[in-house]
Amino acid sequence: MKKADNRIFSLNAIFCLIFLITINICMAKDFSREGKGYELYVLGQGMSGDETTGLGISLEFYDTIVAGLGGGYNITDHFNLNMDVFYGFMDWTATSGDISIDDNFKLMGMDINVDFNVLKHQITPLVTAGFGFINFSSDDIEEVTISFNTGVGFRWDITDLFLVKGMYRFTWTKLEDTNTALLFSGLNVTLGYIW
């Protein structure tokens, strides 16, 4: 329980810090993304571990980092529709009674998201939400699950051609025959090119 309390406190502190920083550094001059169209980007995503149970087995997933590529389109100054794919590895332990097995999954996933840029400035707070899937695969197991995500952070259009986004992102998914959904959360950093 202490681990969960520390996690909640850390998340709240990060949200407050991000909000305060982005509000204080946002420029007063309006900035328009409309008509700037398409974006391509690379991303890195931290994913915290989590635990679940099912069929008498306890599963523990450990922290990891995934990397990916994506693209988006600025529908208006405030809304951006984007899609990303990611790849990485996640260690896990399965325990039943006195028997314990350690292994790792290859994670491959895809998300379709809508970002809402709060301000019409080069630096703006943003919120995002989306859905997708995650493919968990190892030598003996392969399962594709539906996932949902949300996040909060900032976007900085550095120039008319380059952008950076930083956010804290939460992803929920549920494995077959388990009792509770898994929550993976962590920092997401995106570097992109606009044309």
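Details of the structure are given in the entry above.
These numbers were taken from a predicted model, which means no experiment stands behind them.

Colleague: Got a minute to help me understand the environment of threonine 128 in this structure?
Modeller: Considering the arrangement of structural elements, one finds threonine 128 in strand 7 (residues 123-137). Taking the relative accessible area as the measure of exposure, threonine 128 reaches 5% and is therefore buried. Not counting the four nearest positions on each side in its chain, threonine 128 is found in contact with Asn113, Val114, Asp115, Asn149, Thr150, Gly151 and Met167. Side-chain polar atoms of threonine 128 contact the side chain of aspartate 115, separated by 2.5 Å.

Colleague: I'm lost on the side chain of arginine 169 in this one. Help?
Modeller: Topologically, arginine 169 is positioned in strand 9 (residues 162-173). Arginine 169 gets classed as buried once you look at its relative accessible area, which sits at 6%. Within the structure, the side chain of arginine 169 is placed 2.9 Å from the side chain of aspartate 111, a separation counted as a polar contact. Excluding its chain neighbours within four sequence positions, the residues that come into contact with arginine 169 are Gln45, Asp84, Asp111, Asn113, Asn149, Thr150, Gly151, Phe184, Ser185, Gly186 and Asn188.

Colleague: Is there a simple way to think about the layout of surface pockets in this case?
Modeller: The probe, sized like a water molecule, is rolled over the atoms to show the empty space still left. Looking at the largest pocket, its volume works out to about 410 Å³. Taken together, 20 residues line the largest pocket, and the ones lying closest to its centre are Ile57, Leu59, Trp92, Phe105 and Ile141. Sorting the residues of the lining of the largest pocket by element identifies strand 2 (50-54), strand 3 (57-61), strand 5 (79-96) and strand 6 (99-117) as the ones contributing at least two each. Of the residues contributing to the lining of the largest pocket, the split by class is 11 nonpolar, four polar and five charged.

Colleague: What is the right way to look at the nonpolar core in this model?
Modeller: In a soluble, globular protein the nonpolar side chains are often hidden away together inside. Counting residues in each nonpolar core, the largest one holds 15 residues, and the members touching the most others are Phe61, Leu107, Phe136 and Phe184. Among the secondary structure elements, those contributing two or more residues to this core are strand 3, strand 5, strand 6, strand 7 and strand 10 (182-194). Looking at this core, the element that brings in the most residues is strand 5, giving four residues. With sequence-adjacent residues up to four places away left out, phenylalanine 61 is seen in contact with Gly49, Asp50, Thr52, Met90, Asp91, Trp92, Phe105, Leu175, Leu182 and Phe184.

Colleague: It is not clear to me how the packing of aromatic side chains should be interpreted in this structure. Could you clarify?
Modeller: Each aromatic ring pair is described using two quantities: the centre-to-centre distance and the angle formed by the ring planes. Counting across every chain of the model gives 12 aromatic pairs. Their ring planes at 75 degrees and their centres at 6.3 Å tell us that phenylalanine 61 and phenylalanine 184 sit as a pair that is edge-to-face. Here phenylalanine 184 lies in strand 10 and phenylalanine 61 lies in strand 3, a separation of 123 residues in the sequence. Of the two residues, phenylalanine 61 and phenylalanine 184, both sit in the buried class. By the ring-pair criterion, three or more aromatic residues cluster together here, those being Phe61, Trp92, Phe105, Phe136 and Phe184. Above the face of the tyrosine 41 ring, lysine 165 is positioned so that its terminal group lies 5.4 Å from the ring centre.

About the cut-offs
- Residues numbered from 1 in each chain as written.
- Predicted model: local features only at pLDDT ≥ 70, side-chain atom pairs only at ≥ 80, totals over all residues.
- Heavy atoms only, no water.
- Helix = DSSP H or I, 4+ residues; strand = E, 2+ residues; numbered from the N terminus.
- Buried < 20%, exposed > 50% of the residue type's maximum accessible area, 1.4 Å probe, protein only.
- Contact = heavy atoms within 4.5 Å.
- Polar contact = N/O pair within 3.5 Å; in protein donor to acceptor, adjacent residues only side chain to side chain.
- 1 Å grid on protein atoms, 1.4 Å probe; cavity = no way out; pocket = protein on both sides within 12 Å on 5 of 7 lines; lining within 4 Å.
- Points joined across faces, edges and corners; volume = space filled by probe spheres on them.
- Nonpolar A, V, L, I, M, F, W, Y, C, P; charged D, E, K, R; others polar.
- Core = buried A, V, L, I, M, F, W, Y, C linked by side-chain atoms within 4.5 Å.
- Phe/Tyr/Trp six-rings, centres within 6.5 Å; stacked < 30°, edge-to-face > 60°.
- Lys NZ or Arg CZ within 6 Å of the ring centre and 35° of its normal.

Read these as spatial facts, not as claims about activity.
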